[in-house]
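# Observations on the three-dimensional arrangement
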Amino acid sequence: MPLNTVKQLLKEASKKIEYLDAELLLAHVLGKSREFLATNPEQTIDMMRVIKYKYLLKKRTSGMPLAYLTKHKEFYGFDFLVNKHTLIPRPDTEIMVEAVVNRLRATNDGQQIILIDVGTGSGCIPIAIAKWTSDFRLRVSIFATDISKQALKVTKRNAKKHNVPITFKHGNLLEPVLSSVVCNQLPFIITANLPYITEQQYQNSPTPEIHHEPKSALVADNNGLALYEELFKQIKQIVKCHILHITCYCEIDPSQSAQIAKLIGNILPETKLEIKKDLSGKDRVVIVSWGE
Ligand SMILES: C[S@@+](CC[C@H](N)C(=O)[O-])C[C@H]1O[C@@H](n2cnc3c(N)ncnc32)[C@H](O)[C@@H]1O
């Protein structure tokens, strides 16, 4: 019996990694679906592909995240390209997307809105929001910023793949987009899944796979809240000079909700604050609004 059949390769691989991962890697190497593997267990695989599969298998065994090997990650029903310069989109972030989609769906027909995603990475947040609201007659102009030029290259490819028009800006949080958005007085929504874990959480993470992801996408100073603090200060500058309706959605670690509420109270005392929980009942998204 040939050793290089789908069935044999999966059986061998599943001694080292999860069976699902073995399937996804083999499907990736063959350019086929998992259904193809399930329905063609006796298919013989050529030597070049077997070598490639075994190379990826070795990387996966040493802890490389599956998404970096297949270069894809599913998020909120869509497929996103990822690479070592982007964070791998997390299911937790779907809570924020859902909240924004619901908010936009409740908005009047024809309403013009500006959506700014800061720290966009793969672009999964604004692209998923745009796709899930595309059947509504909203006029949403989307901006996305990131401090990493390499990550923005991936955002651009994802926006093109999903046919979502986005204005991309390289720079620190809101800074690169401020001049283009504040003068037109439209309501705007800010989404932010910024780095929020502490150095200690990073070092002691129960999922060592995160050490393959860019540290600059994960870790922040001041108990993980340094970038949110800077973002709120930038927003304060805007609300001081302009009368605007702004809603800002921030993903947090559940342990940070009291601290971030205090921070917002100090920097932006006249705001409305709401906290959304994730599926396990933990605080996950802070929603801050002005002028509503
Ligand atoms: C936690 S990742 C989130 C990526 C993506 N939004 C997601 O949810 O998968 C944080 C992102 O913020 C970016 N970032 C870090 N510091 C930044 C800053 N000062 N200004 C803009 N982006 C920043 C990182 O490069 C990274 O892409």
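Residues numbered from 1 in each chain as written. Predicted model: local features only at pLDDT ≥ 70, side-chain atom pairs only at ≥ 80, totals over all residues.

### Concerning the overall build of the chain
Here is the rule: Only runs of H or I of at least four residues qualify as helices and only runs of E of at least two qualify as strands under DSSP, and these elements are numbered from the N terminus. Exposure is read from a count of other C-beta atoms within 10 Å of each residue's own; the residue is exposed at 12 or fewer, buried at 20 or more and partly exposed in between. C-beta atoms are placed from the backbone. Residues are defined as contacting one another if the C-beta atoms placed from their backbone atoms lie within 7 Å.
Along the backbone of the chain there are 12 helices and 9 strands. If you line up the chain on its principal axes, its C-alpha atoms span 75 × 45 × 35 Å. Counting every position in the chain, which comprises 292 residues, the buried fraction comes to 35%. In the chain, of all internal contacts separated by at least 6 residues, the share reaching a separation of at least 24 is 71%.

### A few points about the nonpolar core
Put simply, the rule is: Under the definition applied here, buried Ala, Val, Leu, Ile, Met, Phe, Trp, Tyr and Cys residues are grouped into a nonpolar core through C-beta atoms within 7 Å. Where each domain begins and ends is defined by an automated method or by a domain database.
Formed by 73 residues in total, the largest nonpolar core has its most connected members in Ile116, Ile190 and Leu231. Examining the composition of this core, we find that 6 residues originate from one element, helix H7 (residues 124–132), more than from any other. Here this core spans two domains, since at least three of its residues come from each of domain 1 (6–62) and domain 2 (76–290).

### Section: the environment of Cys250
Tracing the backbone through its elements, the reader meets Cys250 in strand S7 (residues 246–251). On the basis of neighbour counts, which here come to 25 C-beta atoms within 10 Å, the residue Cys250 falls in the buried class. A sequence separation of 38 residues divides Cys250 from Val288, and the C-alpha atoms of the two residues are 8.3 Å apart. For Cys250, the contacting residues outside a window of four places in its chain are Ala192, Tyr228, Val285 and Val286.

### Concerning the packing of helix H2 (residues 19–30) against helix H4 (residues 47–61)
What counts here: To get an axis, a line is fitted to the C-alpha atoms, and for a helix only the part in contact is used. The angle between two axes follows their N-to-C directions and goes from 0 to 180 degrees. An angle below 35 degrees is treated as roughly parallel, one above 145 as roughly antiparallel, one from 65 to 115 as roughly perpendicular, and anything else as oblique. Here is the rule for handedness: rotate from the far helix to the near one, and if that takes an anticlockwise turn smaller than a right angle the crossing is left-handed, while a clockwise turn gives right-handed. Just so you know the grouping, Ala, Val, Leu, Ile, Met, Phe, Trp, Tyr, Cys and Pro go in nonpolar, Asp, Glu, Lys and Arg go in charged, and all remaining residues, Gly too, go in polar.
The interhelical angle for the contact between H2 and H4, taken along N-to-C directions, is 140°, at an axis separation of 10 Å. For the element pair H2 / H4, the angle class is oblique. Crossing angle aside, the handedness with which H2 passes H4 is right-handed. Taken together, the residues of H4 that come into contact with H2 (itself represented by Asp21, Leu25, Leu26, Val29 and Leu30) are Arg49, Lys52, Tyr53, Leu56, Leu57 and Arg60. Of the residues in the contact of H2 with H4, the class split is 7 nonpolar, no polar and 4 charged.

### Focus: the site of the ligand
We count it as follows: Using a C-beta atom placed from the backbone, a residue is described as near a molecule or strand when that atom lies within 6 Å of it.
Looking at the ligand, there are 23 residues lining it, with Gly119, Gly121, Ile147, Asn193 and Ala217 nearest. Looking at the shell around the ligand, the elements that each hand over two or more residues are H7 and strand S4 (139–146). Looking at the shell around the ligand residue by residue, the classes come out as 12 nonpolar, 10 polar and 1 charged.

### Observations concerning unusual backbone geometry
Of note in the backbone geometry, Asn163 takes a positive phi value of approximately 55° without being a glycine. Counting through the fold element by element, Asn163 comes out in the loop between helix H8 (149–161) and strand S5 (167–170). Given 10 C-beta atoms within a 10 Å radius, Asn163 is considered exposed. For Asn223, which is not glycine, the phi dihedral falls at a positive 55°.

### Comments concerning the sheet that holds S7
Counted only if it meets this: Pairing between two strands requires that DSSP report at least two bridges joining them.
An order of S5-S4-S3-S6-S7-S9-S8 is seen for the 7 strands of this open sheet, with the pairing classed as mixed. Each edge of the open sheet carries a strand with a single partner, namely S5 and strand S8 (272–277). Averaged over all neighbouring strand pairs, the angle between strand axes comes to 20°, with direction disregarded. Relative to S7, strand S6 (residues 188–192) runs parallel, the two being bridged by 5 bridges. Across the sheet, the residue bridging to Ile190 is Cys248, located in S7. Its contacts with the sheet put helix H12 (residues 257–267) on S8 and strand S9 (283–290), and the angle it makes with S9 is roughly 15°.

### Some thoughts on the packing of helix H6 (residues 94–105) against H7
Each pair of packed helices can be described by the angle between their axes along with the distance between the axes. Look at H6 against H7: their axes get within 10 Å of each other, and the N-to-C directions meet at 40°. Overall, the two elements H6 and H7 adopt an arrangement that is oblique. When you trace H6 past H7, the crossing you get is right-handed. Residues Met96, Val97, Val100 and Val101 of H6 form the contact with H7, whose participating residues are Ile125, Ala128, Ile129 and Trp132.

### Here's the deal with the environment of Pro187
Relative to the elements of secondary structure, Pro187 occurs in the loop between helix H9 (175–181) and S6. Counting along the chain gives 49 residues from Pro187 to Leu138, while the straight-line C-alpha distance between them is 13 Å. In this structure Pro187 touches Ile113 and His245, once residues within four positions along its chain are discounted.

### A short note on the domain arrangement of the chain
Along its sequence, the chain is organised into domain 1 (6–62) and domain 2 (76–290). Using only C-alpha atoms to locate each centre, domain 1 and domain 2 end up separated by 36 Å.

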